[in-house]
Amino acid sequence: MPARLASVPGETRDIVRETTISEHRKDPSSGNEPQRKHQSVWPEHVYEGHRWGMAVDLGACTGCSACVVSCQAENNVPVVGKDEVGRKRDMSWLRIDRYYADRDGDTDVVFQPMMCQQCGNAPCETVCPVLATMHSTEGLNQQIYNRCVGTRYCANNCPYKTRRFNWFQYQEEGRLSNLALNPDVTVRMRGVMEKCTFCIQRIQEAKFEAKGQGRAVRDGDIRPACAQSCPAQAIVFGDVNDPKSRVSQLRKDPRHYRVLAELNVEPSVGYMVKVRGRTAGAGGPEHG
Amino acid sequence: MAEALQEVWIRGGKTAARVTADVCAPIERGPTALWYGAFAASVSVFLVGACAMAYTLSTGIGTWGLNRTVGWAFDITNFVFWIGIGHAGTLISAILFLFRQKWRTSVNRAAEAMTLFAVMCAGIFPLLHMGRPWFAYWVLPYPNTRGSLWVSFASPLLWDVFAISTYFVISAVFWYIGLIPDLATIRDRAKSETRRRIFGFFSLGWTGSARVWSHYEKAYLLLAGLATPLVVSVHTIVSFDFATSVIPGWHATIFPPYFVAGAIFSGMSMVLTLMIVARSVMGLEDYITDRHVDVMCRIILAVSCMVGLAYASEFFIAWYSGNPYERFVFVNRQMGPMAWAYWTMVSCNVITPQIFWFKSMRAKIGLVFAASLVINVGMWFERFVIIVTSLHRDFLPSSWVSYAPTSIEVATFAGSFGLFFTLFLLFCRFLPAIAMAEVKGILQPDLHGHGGAS
């Protein structure tokens, strides 16, 4: 990032929220603020069956990036190399955002795993001219690769910038490394957009298995690659329509908040306020 | 008032026969060495651009400088720039026609041609910027065999498709209808059989009878009425690409009038640029007079003030909204890493045209020409600033990046200029650059002496 005007003096952005353990003990909602429900002129989506959601605990996340690697492996995300990453064209569907705060000469770091937030009112969905990105009945923003013509309008309009475009033809036939590809996930060609799917192949697999056994999908049956590989178990995935699921419980937690909720995009991913293991001086983080 | 009504727009005491002879001369005498030189240069530049386009098509959008955060930059900047250039044609031909502005007759033909060519250049970019341009036809809603797949009428890009294709078709028809009497004139003067046949075919059996003229005038008036809303609609809809998004700096209700004003601004400047060159190269100073230049300068000054007001309003509203993201975008435009682009825009578009307050400045043709070029540069930067500075630093600072074009993008942009000038030179070579029949219409008061009422 160019150093010039990295931020406006005095401006803070409500992206990561944090508190200290002493404040948290006094008030579990410390560091958090209620986010009000906005009005929309459009009718809301109705989710009769499942509605998938996620909760990420910023307090548990150590920034180890195991989720990033497992997502890359699970979803056949192209590895584009140093030069392309230098051109800011990394393809990761899940990234770890880092924010820094200066605390009396010391530096505080916050890690925030950021993936497609599977918005209820998704800005990406309305702008696609060819309907290549659609809202599923289970609340997912589905990207239809073979329908995409690659206008990149969806990525421009994504407030979280989690969409990734295939700038070149990354995958080729006849490579030995193709043996490492996940057969359950489509390999994308150049010119199409892609992004986090909440590991929809795992969702489908779990649903089929449950159906075969004549039962409902149980909480915990589905674990996206990121949640599965997180050593701190900071990522919880589940059905928010099921009031008993862990993710539903976490959404009611006083630490739960959603990033950029003020845009009324209704993200399906929530974050838990980071609780620092110190006793005093709960200063809000400055972004970096 | 009587004097004002009889303002002489065509100098040199032309007769109708003289007008025909003057306008047809460049077409009938064949191209000059200057024309060949200009044509060779334009085609060469176009070919360089064509190579860059071919490379983009064969390799991918990765050949451009775009990245995960900045998904549009040169491509859409160029698109909006060319669409804007294309605006003056319909403004001059339709709106000024309805307002009975007589001076338009000298410039409307070339301005309409410019519109068509500019829209063609604009059309390259939305096609080329697609990741898979071979599926570009998927944006057209036609009955197809691909199951239930259809287009999204909620997408502003689809509105663009309709707005621009409609604009192109109406502009082309309007231009062609206006050409018919002149094509018949060339047909009647043709010395070779081939020429007579070709122009005979395209003049659609024009006889020049009073009945034909009466029908023609009605058709022209109706088309002018039909084309008028398009002057406003096209750039309004182009602005919706940005205004309907959520990105700070794009999501602005001021965009439709702001874009229309900007389009007229850049279109008028381009008309001036081309007319000043064309009139000296083709010896048409008696038709495109200093007074024409003067009125166009005054329009440019007026629109420049509107554009300046839009810049100021945008900035004020960003502050007044209290929205930190919105505020940041505007502070970032003025002081961030791309501040140079913002200040280029302001100095070209708001400060430079202020010289046109002075009649003496408007009379200096060299200066007016230079200013028209400066304004076109400024208007390109306006679109660049809107698109790139809004995208490159939006909500989450983790995704903030910079953007720089690659040589491929620059070559593609240059190539679009090559295409534009190639087409414009062909137009000047094969078609009457001035609407002869219309110019003859405004000669009348002069022919009958100065005392008559009109």
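Note that this is a predicted model, so its numbers are computed, not measured.

Trainee: What am I meant to see in the overall build of chain B here?
Mentor: Helix and strand counts for chain B come out as 17 helices and zero strands. Taken against the 2.2 N^0.38 rule, which gives 22 Å for 454 residues, the C-alpha radius of gyration of chain B at 23 Å falls within 12% of a compact globule. The C-alpha extent of chain B, read off along each of the three principal axes, is 75 × 55 × 40 Å. Counting the 454 residues in chain B, one finds 49% classified as buried. For chain B, the share of sequence-separated contacts (at least 6 apart) that also reach a separation of at least 24 residues comes to 82%.

Trainee: Teacher, can you tell me more about the overall build of chain A here?
Mentor: When its secondary structure is counted, chain A shows eight helices and 12 strands. Taken over C-alpha atoms, the radius of gyration comes to 20 Å for chain A, in line with the 19 Å a tight globule of 288 residues would show. Taken along its principal axes, the extent of the C-alpha atoms in chain A is 55 × 50 × 40 Å. Expressed as a percentage of the 288 residues in chain A, the buried residues total 45%. Considering only intrachain contacts with a sequence separation of at least 6, the fraction spanning at least 24 residues in chain A is 66%.

Trainee: Any chance you could explain the pairing of strand S4 (residues 106-114) of chain A here in plain terms?
Mentor: Side-chain direction in a regular strand flips from residue to residue, so the side chains alternate between the two faces of the sheet. Residues and elements named next belong to chain A. The sheet contact formed by strand S3 (residues 95-103) and S4 spans nine bridges and is antiparallel. Across the sheet, residue Ile 96 finds its bridge partner in S4, namely Pro 113. Here S3 folds back onto S4, and the loop between the two strands holds two residues, one of which, Asp 104, carries a positive phi near 50°.

Trainee: Explanation requested: the interface of chain A and chain B in the structure shown.
Mentor: Many analyses report the size of an interface as the accessible area lost when the parts associate. Counting residues at the interface gives 46 residues for chain A, matched by 45 residues for chain B. For the side of chain A that touches chain B, the secondary structure elements donating two or more residues are helix H4 (123-127), helix H5 (153-156) and strand S7 (164-165) of chain A. Considered class by class, the residues forming the side of chain A that touches chain B number 23 nonpolar, 10 polar and 13 charged.

Trainee: Help me understand the environment of Asp27(A) in this model?
Mentor: Within the fold, Asp27(A) resides in the loop between helix H1 (21-26) and strand S2 (52-57). The spacing of Asp27(A) and Tyr153(A) is 126 residues in sequence and 43 Å in space, taken between C-alpha atoms.

Trainee: What is the right way to read helix H2 (residues 16-28) of chain B from this model?
Mentor: Each α-helix turn comprises 3.6 residues. Residues three or four places apart therefore point the same way. All names here are of chain B. An ideal rise of 1.5 Å per residue puts 18 Å on 13 residues; H2 measures up with 18 Å between its terminal C-alpha atoms. Along H2, the residues that are buried comprise Val 19, Thr 20, Asp 22, Val 23, Pro 26 and Ile 27. Two residues or fewer past H2, Gly 30 is found with a positive phi of approximately 90°.

Trainee: Looking at this model, I keep getting lost on the pairing of S2(A). Mind explaining?
Mentor: Residue and element names in this part refer to chain A. In terms of residue burial, S2 counts as a mostly covered element, since six of its six residues are buried. Side-chain alternation along S2 places Trp 52, Met 54 and Val 56 on one buried face and Gly 53, Ala 55 and Asp 57 on a second face that is also buried. Pairing geometry for S2 and strand S9 (residues 235-239), over five bridges, is antiparallel. Across the sheet, residue Ala 55 finds its bridge partner in S9, namely Val 236.

Trainee: Sorry if this is basic, but what is going on with the environment of Cys154(A) here?
Mentor: All names here are of chain A. Here Cys 154 shows up in helix H5. Separated by 39 residues in sequence, Cys 154 and Met 193 have C-alpha atoms that sit 8.5 Å apart. When near neighbours in sequence (up to four residues on either side) are disregarded, Cys 154 contacts Cys 124, Val 127, Cys 128, Thr 133, Arg 163 and Met 193.

Trainee: Just to check I follow, could you spell out the sheet that holds strand S10 (residues 256-257) of chain A for this structure?
Mentor: As a general point, the strands of a sheet are linked pairwise by backbone hydrogen bonds and lie either parallel or antiparallel. Residue and element names in this part refer to chain A. Spatial ordering of the open sheet is given by S9-S2-S11-S10, a layout of four strands whose pairing is mixed. Of all strands in the sheet, those with a lone pairing partner are S9 and S10, marking the two edges. Taken together, the four bridges between S2 and strand S11 (residues 269-272) define a ladder with parallel strand orientation. Bridged to Ala 55 within S11 is Gly 270.

Trainee: When you look at the packing of helix H5 (residues 87-98) of chain B against helix H9 (residues 210-243) of chain B in this model, what are you seeing that I'm missing?
Mentor: Between two packed helices, both the angle of their axes relative to each other and the distance between the axes serve to describe the pair. Residues and elements named next belong to chain B. With their axes 8 Å apart at the nearest point, H5 and H9 run at an angle of 140° to one another. Judged on the interaxial angle alone, H9 and H5 are oblique. The two elements H5 and H9 cross, and the hand of that crossing is left-handed. In contact with His 87, Thr 90, Leu 91, Ala 94, Ile 95, Phe 97 and Leu 98 of H5, H9 contributes Ala 224, Ala 227, Thr 228, Leu 230, Val 231 and His 235.

Trainee: Can you help me understand the nonpolar core in this one?
Mentor: Within soluble globular proteins, side chains that are nonpolar tend to cluster in buried spots. Ranked by internal contacts, the top residues of the largest apolar core, which has 205 residues, are Val56(A), Ile235(A), Ile83(B), Met114(B), Met268(B) and Val271(B). In terms of residues, this core owes the most to one element, helix H10 (residues 255-281) of chain B, which gives 16 residues. Look past the residues within four positions of Ile235(A) in its chain and what remains in contact with it is Met54(A), Val56(A), Cys67(A), Pro113(A), Cys226(A), Ala227(A) and Cys230(A).

Trainee: Sorry, what's going on with the confidence of the model for chain A here?
Mentor: As a general rule, the predicted coordinates of low-pLDDT regions are not to be interpreted in detail. Predicted confidence across chain A gives a mean pLDDT of 90, with 93% of residues reaching 70 or more. Contacts from residues 284-288 of chain A, a stretch scored under 50 in pLDDT, to residues over four places away or in other chains number 19 contacts.

Trainee: What's the story with the packing of helix H4 (residues 74-85) of chain B against helix H6 (residues 104-128) of chain B in this structure? I'm lost.
Mentor: Residues and elements named next belong to chain B. Two numbers describe how H4 lies on H6: the axes approach to 8 Å, and their chain directions differ by 160°. Classified by the interaxial angle, the pair formed by H4 and H6 is roughly antiparallel. In this structure, the crossing between H4 and H6 has a hand that is left-handed. Mapping the contact onto sequence places Asp 75, Ile 76, Asn 78, Phe 79, Trp 82, Ile 83 and Ile 85 in H4 and Ala 118, Val 119, Cys 121, Ala 122, Phe 125, Pro 126 and Leu 128 in H6.

So, how was this worked out
Residues numbered from 1 in each chain as written. Chains lettered and ligands numbered in written order. Predicted model: local features only at pLDDT ≥ 70, side-chain atom pairs only at ≥ 80, totals over all residues. Helix = DSSP H or I, 4+ residues; strand = E, 2+ residues; numbered from the N terminus. Rg over C-alpha atoms; globule rule 2.2 N^0.38 Å. Buried ≥ 20, exposed ≤ 12 C-beta atoms within 10 Å, placed from the backbone. Contact = placed C-beta atoms within 7 Å. Pairing = 2+ DSSP bridges. Nonpolar A, V, L, I, M, F, W, Y, C, P; charged D, E, K, R; others polar. Expected span 1.5 Å × (residues − 1). Axes fitted to C-alpha atoms, helices over the stretch in contact; angles between N-to-C directions. Parallel < 35°, antiparallel > 145°, perpendicular 65-115°, else oblique. Left-handed = near helix turned anticlockwise from the far one by under 90°. Core = buried A, V, L, I, M, F, W, Y, C linked by C-beta atoms within 7 Å. pLDDT = per-residue confidence, 0-100.

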